[in-house]
Amino acid sequence: MRARSADRADAVSIAAIYNEGIEDRLATFETRPRTVADIERWFDDALPIVVVDDDASRVVGWAAAHPYRPDREAYAGIAEFSVYVARAARGRGAGRLAVEALAQEAEARGIWKLVSRIFPENVASLALCRSSRVREVGVYRRHGRRDGEWRDCVTVERLLGEALAD
Ligand SMILES: CC(C)(COP(=O)(O)OP(=O)(O)OC[C@H]1O[C@@H](n2cnc3c(N)ncnc32)[C@H](O)[C@@H]1OP(=O)(O)O)[C@@H](O)C(=O)NCCC(=O)NCCS
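Residues numbered from 1 in each chain as written. Predicted model: local features only at pLDDT ≥ 70, side-chain atom pairs only at ≥ 80, totals over all residues. Heavy atoms only, no water.

### What to know about the site of the ligand
Neighbouring residues of the ligand: 19 residues in total, closest V85, G91, G93, G95 and N122. The contact in question runs from an oxygen atom of the ligand to an N or O atom on the backbone of V85, over 2.7 Å. Within the backbone of R92, an N or O atom sits 3.2 Å from an oxygen atom of the ligand. Against a free-state accessible area of 930 Å², the protein chains account for coverage of 71% of the ligand. Of all the secondary structure elements, the ones that give two or more residues to the shell around the ligand are strand 4 (78-85), helix 3 (94-108), strand 5 (113-118) and helix 4 (123-130). Ranked by residues supplied to the shell around the ligand, first place goes to helix 4 with four residues. Considered class by class, the residues forming the shell around the ligand number nine nonpolar, six polar and four charged. (Near = heavy atom within 4 Å. Polar contact = N/O pair within 3.5 Å; in protein donor to acceptor, adjacent residues only side chain to side chain. Areas by Shrake-Rupley, 256 points an atom, 1.4 Å probe, with all protein chains shown as cover. Helix = DSSP H or I, 4+ residues; strand = E, 2+ residues; numbered from the N terminus. Nonpolar A, V, L, I, M, F, W, Y, C, P; charged D, E, K, R; others polar.)

Following this line, the structure appears as structure tokens:
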């Protein structure tokens, strides 16, 4: 497997993998399947998006940075991130590869922090964070409802570049 920068031609694969995660009901509050056009719009944000190809050059995973409070100048170096791996390819290192590649691209662009939120029962995602230098910050209680039920969220962050200096 190898990670690389994504381009708009990858939107079909990214949407398919994202929709598997949405169907699983373990990764996100989102329940609406994403269209290819939804994903293509991410590229307008000009934030890093990476994909992981398997040995047959099929996209098996992706990680993307998304805007975080774009109305606040003080947060200009913070981005949200998400990472999804195709069901059939999970547990083989693609997620870790994607997060590392995303962190490298983000750091190179001057982003100093990646943040996200994870459902406490998403053990795979929490394990990926632990092995990817993504720190658990705390827990938002009752952060939203998924399928009508209140859900907590573990908040996580990974510092990058100049933010790592003491
Ligand atoms: C979470 C997800 C991206 C992880 O990607 P992955 O490719 O399966 O994970 P990796 O193989 O890179 O594993 C990374 C680490 O997590 C651990 N891990 C992965 N899946 C695990 C599981 N189900 N239970 C426990 N640990 C697990 C691995 O052992 C590895 O740890 P190590 O580096 O100490 O050996 C993937 O499971 C997925 O796409 N899930 C659905 C979408 C989702 O939940 N995304 C996150 C939204 S917040």
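### Observations regarding helix 3
In this model helix 3 runs 21 Å from its N-terminal to its C-terminal C-alpha over 15 residues, within 8% of the 21 Å that 1.5 Å per residue would give. Residues A94, G95, A98, V99, A101, L102, A103, E105 and A106 constitute the buried set of helix 3. G110, located one to two residues past helix 3, shows a positive phi value of around 85°. (Expected span 1.5 Å × (residues − 1). Buried < 20%, exposed > 50% of the residue type's maximum accessible area, 1.4 Å probe, protein only.)

### Regarding the environment of L102
Relative to the helices and strands, L102 resides in helix 3. A sequence separation of 53 residues divides L102 from I49, and the C-alpha atoms of the two residues are 6.7 Å apart. With near-sequence residues (within four places) excluded, L102 lies in contact with P48, I49, V50, A63, A64, A65, F81 and L114. (Contact = heavy atoms within 4.5 Å.)

### Here we look at the side chain of T155
Among the structural elements, T155 can be located in strand 7 (residues 149-159). Here T155 falls in the buried class, since its relative accessible area comes to 12%. Excluding its chain neighbours within four sequence positions, the residues that come into contact with T155 are S116, R117, R135, E136, V137, G138, V139 and Y140.

### A closer look at the pattern of salt bridges
Tallying each qualifying case throughout the model produces 22 salt bridges. Between R87 and E23 there is a salt bridge, with its nearest N and O atoms 2.9 Å apart. On the criterion of sequence distance, the pair formed by R87 in the loop between strand 4 and helix 3 and E23 in helix 1 (residues 11-24) is long-range, its members being 64 residues apart. When its relative accessible area of 54% is taken as the criterion, E23 is described as exposed. Here E30 ties to R34 by a salt bridge, and the two come within 3.0 Å at their closest N and O atoms. (Salt bridge = Lys/Arg side-chain N within 4 Å of Asp/Glu carboxyl O.)

### A few points about the environment of R4
Within the element layout of this structure, R4 appears in strand 1 (residues 2-5). Residues R4 and V52, spaced 48 residues apart in sequence, show a C-alpha to C-alpha distance of 6.4 Å. Those residues in contact with R4, other than ones at most four positions away along the chain, are D10, I49, V50, V51, D53 and V59. Here the side chain of R4 touches D10 through a polar contact of 2.9 Å, side chain to side chain.

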